[in-house]
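Listed below are the residues making up each chain.
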Amino acid sequence: MRILVIAEHDNKSLKSCSLPVVTAASELGGEIDMLIAGHNAADAAAQAAKISGVKRILHCDAPLYERGLAENLAQLVASLSADYSHILAPASFFGKNVTPRIAALLDRQQISDITAIHDAKSFTRPIYAGNAFETVEISETPVILTVRPTAFDATPEQAESAAITALPPAEDTDLSAFVSRALTKSDRPDLANAAIVISGGRGLGSGENFKDLLEPLADSLGAAIGASRAAVDAGYVPNDYQVGQTGKIVAPNLYIAVGISGAVQHLAGMKDSKIIVAINKDEDAPIFQIADYGLVGDLFQLLPELRAALDNSA
Amino acid sequence: MKILVPIKRVIDAYVTIRVKADQTGVENANVKMSVNPFCEIAVEEAIRLKEAGKATEVIVVSAGNAATQESLRAALAMGADRAILIETDQELQPLAIAKLLKAVAEKEQAGLVILGKQSIDGDHNQTGQMLAGLLGWGQATFASSLTLENDRATVTREIDGGLETLSLKLPAIITADLRLNEPRYASLPNIMKAKQKPLDRLNPDALGVDVTPRYKTLRVSEPPPRKPGVKVESAAALVEKLRGEAKII
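Definitions and limits used
Residues numbered from 1 in each chain as written. Chains lettered and ligands numbered in written order. Predicted model: local features only at pLDDT ≥ 70, side-chain atom pairs only at ≥ 80, totals over all residues. Heavy atoms only, no water. Contact = heavy atoms within 4.5 Å. Buried area = accessible area lost by both parts, 1.4 Å probe. Salt bridge = Lys/Arg side-chain N within 4 Å of Asp/Glu carboxyl O. Helix = DSSP H or I, 4+ residues; strand = E, 2+ residues; numbered from the N terminus. Nonpolar A, V, L, I, M, F, W, Y, C, P; charged D, E, K, R; others polar. Pairing = 2+ DSSP bridges. Domains from an automatic or database assignment. Polar contact = N/O pair within 3.5 Å; in protein donor to acceptor, adjacent residues only side chain to side chain. Buried < 20%, exposed > 50% of the residue type's maximum accessible area, 1.4 Å probe, protein only. Arc of directions from axis to C-beta. Axes fitted to C-alpha atoms, helices over the stretch in contact; angles between N-to-C directions. Parallel < 35°, antiparallel > 145°, perpendicular 65-115°, else oblique. Left-handed = near helix turned anticlockwise from the far one by under 90°.

Some words on the interface of chain B and chain A
With 75 residues of chain B at the interface, the matching set in chain A holds 85 residues. The contact between chain B and chain A buries some 6700 Å² in all, and 54% of this surface belongs to carbon and sulfur atoms. Contact with chain A buries area across many residues of chain B, yet D160(B), R214(B) and R226(B) alone supply 10% of it, more than any other trio. For the pair chain B and chain A, the interface holds 10 salt bridges. A salt bridge links D292(A) to R226(B); the nearest nitrogen and oxygen atoms lie 2.8 Å apart. The set of elements that each furnish at least two residues to the side of chain B that touches chain A consists of α3 (94-108), α4 (127-135), β7 (138-149), β8 (152-159), β9 (162-169), β12 (215-221), β13 (230-232) and α6 (235-245) of chain B. In terms of residue class, the side of chain B that touches chain A is built from 34 nonpolar, 20 polar and 21 charged. Examined bridge by bridge, strand β11 (residues 176-183) of chain A and β9(B) share seven bridges and lie antiparallel to one another. Residue pairing in the sheet places S180(A) in a bridge with T165(B) of β9(B).

Okay, here's the thing in structure tokens:
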């Protein structure tokens, strides 16, 4: 059995969500190849070669792969598929975009967002915003999977680097073209893999309050900042802050929900967090049903108090 | 240019989901059904393009049992021109749906297909991307803005870390994210009018598509429960719990 892991990277370095996918691939059992398709991506390939359990890096370097556009990447992966029993990618925005296209080109039914592997053909995945889990079995190969990164541990580095094999590019499909990218700049930890996440909801009332009340607290805790859909829709923070069923899925050690009522769509994105703290003025808010520690009250009073309490006992 | 908008009928987003005792699925008898929220956004976007003179016709299509026509009527009431129901009682998995949609897109010679980015029941997030692959068209998923000009679509997409803008050759596939637009409510006169709009019926055999499920669902189970939490009295008490009991900060 050989397994192909499609790495997510920005040409310079691997995205951390690629690492749990290798752990998932190891659970399947078999030789693991990792594909780095990019442009001037030698650094990302060298980093990938150090991931424990990876046997071989397939490095395909050409301008048409620079931005990870789905059409060209899917074409390339489909051309490699004959060698593999399983093809895996992270269930990130990147993986969700490209992997179903690969499955369609191969006439295979993908299994999305798996959270557990039972054997080489049966998997568990959340449905209905995580309000139920289905365990499915699929008999065709290659099995096409996207892996929920928070459900598997990150793989450690290995001392000896895997071999890097250069691959020729596939033909340019010329169906889509990259125009621009506007990324949110932040010095805080990455939301998807921060140890502590503090999220704000509509209760914050404005983007200024995010800045004045939530950010200092995040800095005291070394936390990433997230948000509910309501806060993003209201324009308080950018879209990439959104935690939930259709936003980012996070599972930090500590998740602090501030002014978030706890719609099922939000809970779907954070309820696997180790410890959940909820701060809300409505004591009947659904968020308290899943919180380990609940604090009922006015967040405008409680957040400064919380910050003072953190600074005092530090 | 014709715009095809595939929609899905799902358990309403505000219904509490309960797993059946025999673990074969979730309770769906006598629960409220609605058009998947992301599909409504797709319908709205198509109607706006037609209103702006960028499209000639908006066709909504859905695959499912006879009751699915209610969802198609809802989309017609929003302003779609006509509907196609691919009628089947068979369980449909995303690849099968994508194949059905490919057949319809080709038959209708659609110039653009707009779908919701995912359905809130299966949460697969596959159908649009698969349809793009099967048709050999360009794709822009998770769209938060869309403009059409000179046979190209310019789409801003929500990605990890921010936004990305792509330019696609038409025909193309767009999948709608939450912030693409806010769908309108159908007015009463439009709901009445929708009853007279054409709704064609097809079936998978007539489209020459094998919809046999590819994976088997072994069981559906409840999520693992969380242990009950406690309320704390003050910010100071919270910090004490986090340090002393949870040892997390």
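Quick word on the domain arrangement of chain A
A common way to report how large an interface is uses the accessible area buried once the components associate. Residues and elements named next belong to chain A. On domain assignment, one finds that chain A holds domain 1 (2-167) and domain 2 (191-313). The centre of domain 1, based on its C-alpha atoms, is set 31 Å off from the matching centre of domain 2. Listed as interface residues are nine residues of domain 1 and, on the opposing side, 12 residues of domain 2. Regarding the contact of domain 1 and domain 2, the summed buried area is about 790 Å², with carbon and sulfur atoms giving 47% of it. Taken together, the links from domain 1 to domain 2 amount to zero salt bridges. Our enumeration of links across domain 1 and domain 2 arrives at two residue pairs in polar contact (both at pLDDT 80 or more). Considering only residue class, the side of domain 1 that touches domain 2 consists of three nonpolar, four polar and two charged.

Observations concerning the pattern of salt bridges
Residue and element names in this part refer to chain B. Following the criterion strictly, the structure yields 33 salt bridges over all chains and no others. K50 is the partner of D81 in a salt bridge, and the nearest nitrogen-oxygen pair spans 2.8 Å. You can see D81 sitting in the loop between α2 (68-78) and β5 (82-87) and its partner K50 sitting in helix α1 (residues 37-51), a full 31 residues away along the chain. Its relative accessible area of 21% is what places D81 among the partly exposed residues.

Observations regarding α6(B)
Residues and elements named next belong to chain B. Within α6, the full set of buried residues consists of A235, L238, V239 and L242. End-on view of α6: buried residues confined to an arc of 95 degrees, all on one side of the axis. Of the residues in α6, the exposed ones pointing more than 90 degrees away from the buried face are E240 and E245.

Some remarks on the pairing of strand β6 (residues 116-119) of chain A
Residue and element names in this part refer to chain A. The pairing of β6 with strand β7 (residues 122-127) spans three bridges and is classified as antiparallel. Bridge pairing in β7 links I117 to F123. Between β6 and β7, which follow one another and run antiparallel, lie two residues.

Side note on the sheet that holds strand β2 (residues 31-38) of chain A
Strand pairs in the sheet, formed through backbone hydrogen bonds, run parallel or antiparallel to each other. Residues and elements named next belong to chain A. Read across the sheet, seven strands follow the order β5-β9-β4-β1-β2-β3-β10 without closing on themselves; strand pairing throughout is parallel. Of all strands in the sheet, those bounded by a partner on one side alone are β5 (111-114) and β10 (163-167). Taking the axes of each pair of neighbouring strands and ignoring which way they run, one obtains an average angle of 25 degrees across the sheet. By the bridge criterion, five bridges tie strand β1 (residues 2-6) to β2 in an arrangement that is parallel. Among the inter-strand pairings, L4 is bridged to a residue of β2, identified as D33. Along the sheet, helix α1 (residues 18-28) makes contact with β1, β2, β3 (54-61), β4 (86-90) and β9 (143-147), crossing β4 at roughly 155 degrees. The sheet contacts of helix α3 (residues 70-80) involve β1, β2, β3, β4 and β10, and relative to β2 the element is tilted by about 150 degrees.

Observations regarding the packing of α3(B) against α4(B)
Residues and elements named next belong to chain B. Axis separation between α3 and α4 bottoms out at 9 Å; the angle between their running directions is 50 degrees. As the angle between them shows, α3 and α4 are arranged oblique. In terms of crossing hand, the pair formed by α3 and α4 is right-handed. Judged by residue contacts, P94, L95, I97, A98, K99, L101, K102, A105 and E106 of α3 engage T127, M130, L131, L134 and L135 from α4. Looking at the contact of α3 with α4 residue by residue, the classes come out as 10 nonpolar, one polar and three charged.

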